[in-house]
Amino acid sequence: MSTTPENTQPETPQQETPQPGGTPQTEAPTDDRLQDVETTPHLMTDSADDTERRDGGDRWQAALQGILNGSALVTVLAVVLALIACGILIALTDESVRAAAGYFFARPADTFRAIGTAVGGSYASLFEGSVFNFGAASFQQAIVPLTRSIDYAVPLVAAGLGVALAFRAGLFNIGGQGQILMGAAAAGWVGFSFDMPAVVHIPLTIVAGIVGGAVWGGIVGVLKARTGAHEVIVTIMLNYVALYLVSYLLRTPGLLQAPGSTNPISPATKDSAVLPALFGPRYGIDLGFVVAIIAVVVVWWLVNKSSLGFRFRTIGENPRAARVAGMSVPALTIWVLVISGALVGIAGAYQVQGAVTTGFTSGIDAGIGFDAITVALLGRSKPWGVFWAAILFGVLKNGGYAMQAANGIPIDIVGVIQALIVLFIAAPPLVRAIFRIPQPGARRRVGTKNSKKAVAA
């Protein structure tokens, strides 16, 4: 008998594979390790240049996926869809387009030409009336529309920041109208009641507006934290309370009503409390724009860098986890709404210090409180996102008047654009489906074709 050494492995029997000619052919044994090497790309055959090229491609691919999966692209595309939809609406309501459509089958080019003239002329007027006027004699005159748009955007920045901060904490501050009214009432009273140097009067008036909005927002916070009342209901009800309260104050002599006037209007803001223009009276930008930028920076630091902002975001993401971590959710709720109301109050102060300085009425909010909700949604509740969203709304509002004057387009079209933006922002899957953008988190189907070939073989 022959013995096998201990370190000698038994030979693997060779398999015979039948051939078409009938002669069996011996198939060499296969090693799984060799299969692993063959199926693993770039294991031993890549040079340094190939590795660097592949890594660079992966980085660019990761960057592209980040852009496609990000919310910024969806926001921009939502604005584009809103403009396209409103372009269709402009075309349908234009008289020349309807007239040309009557003989469309005889001369279809006339209809398309009329559509291009109506839509293109309207959006061109909007751009030149709100961003840059190409027909101006000088560059200084050409950028005046942009400065006016920024002037419209300043109160939207402040109010949008207040609404966005509440959103980040999981709260819905729908009381922007009431907080603006109370901020404007407090700031207006300080603005026309005292005589003091501008260096003191201006910041004191702004602080008064902040306090007025903070108190009105704090009422909501206390009711929410102590009684469990829903903040949406409370803020909407307090809007009406603020409206009728300010109306009463404006009709009562000795309170907010202008002396000797029978109309519900306040005295004019004194010159020492009016926000000075940064580049002269010709341009619309005043000190309020600087205040708005400071507010954006402060809110960005508060939300992203401070421990208080971390607590706000925690209760917004998971209140139960915040309680387990030892956070006082009722106290944080009050603080969120106080700060939110204070930011909205800055918009109220700006209304009486920059927008309407000849005396304000109960319509001083000018719909900013509700527009701020749209701005916060469009800005994804991020401070700098809110800033650029407010600039966009300022452009739309300022350009809407130019579009109406030049082309006869109703100013309500601007409201339709804003409403459609909100509609598309609220439905990101719809935007992604229209532009065929992959959903975030979706896995790519890699190697499906190769795997099918392997199965078939």
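Whatever comes next refers back to the structure up there.
A brief structural summary. Just so it is clear, the structure is predicted and the values come from calculations on it, not from any experiment. (Residues numbered from 1 in each chain as written. Predicted model: local features only at pLDDT ≥ 70, side-chain atom pairs only at ≥ 80, totals over all residues. Heavy atoms only, no water.)

## Some details on the packing of aromatic side chains
All told, the structure shown has 11 aromatic pairs when counted by the stated rule. With centroids separated by 6.0 Å and ring planes inclined at 15°, the aromatic side chains of Phe127 and Phe134 adopt a geometry described as stacked. Residue classification places Phe127 among the partly exposed residues on the basis of a relative accessible area of 36%. Pairing Phe289 with Phe387 gives two aromatic rings, centres 6.3 Å apart and planes at 40°, and the pair type is tilted. Residue Phe289 is located in helix α11 (residues 287–304), and its partner Phe387 is located in helix α16 (residues 383–407); the two are separated by 98 residues in the primary sequence. Here Phe289 and Phe387 have matching classes, each one buried. One aromatic cluster in this structure is built from Phe127, Phe132, Phe134 and Phe139. (Phe/Tyr/Trp six-rings, centres within 6.5 Å; stacked < 30°, edge-to-face > 60°. Buried < 20%, exposed > 50% of the residue type's maximum accessible area, 1.4 Å probe, protein only. Helix = DSSP H or I, 4+ residues; strand = E, 2+ residues; numbered from the N terminus.)

## Side note on helix α15 (residues 368–378)
Three- or four-residue spacings in an α-helix give side chains the same orientation, since the helix completes a turn every 3.6 residues. Burial analysis of α15 places eight of its 11 residues in the buried class, the great majority of the element. Those residues of α15 that are buried are in contact with α3 (71–93), α7 (144–168), α8 (176–193), α14 (329–355), α16 and α17 (412–425). Where α15 ends, the next residue or the one after it, Arg380, has phi of about 55°, a positive value. (Contact = heavy atoms within 4.5 Å.)

## Focus on the environment of Asn304
With respect to the secondary-structure elements, Asn304 resides in helix α11. Distance from Asn304 to Pro383, taken between C-alpha atoms, is 10.0 Å for residues 79 residues apart in sequence.

## Comments concerning the environment of Asn239
Inspection of the secondary structure puts Asn239 in helix α10 (residues 231–251). You can call Asn239 buried: its relative accessible area is 3%. Spatially, the C-alpha atom of Asn239 lies 9.4 Å from that of Ile180, the residues being 59 residues apart in sequence. Apart from residues no more than four positions distant in its own chain, Asn239 is found in contact with Ile174, Gly175, Gly176, Gln177, Gly178 and Phe370.

## Topic: the side chain of Gln351
Residue position: Gln351 is located in helix α14. Residues contacting Gln351, with those up to four places away along its chain left out, are Pro155, Val356, Ile364, Ala366 and Ile368.

## Quick look at the pattern of salt bridges
Per the stated rule, a full pass over the model turns up four salt bridges. The salt bridge involving Asp110 is made with Arg107; its shortest N-O contact spans 3.2 Å. Among the residues examined, Asp110 registers a relative accessible area of 16% and is labelled buried. Glu231 is the partner of Lys224 in a salt bridge, and the nearest nitrogen-oxygen pair spans 3.0 Å. Taking relative accessible area as the criterion, Glu231 reaches 2% and is therefore assigned buried. One salt-bridge network, in which partners are shared between bridges, spans Arg107, Asp110 and Arg113. (Salt bridge = Lys/Arg side-chain N within 4 Å of Asp/Glu carboxyl O.)

Note that every value here comes from positions in space, so none of it alone points to a role or purpose.
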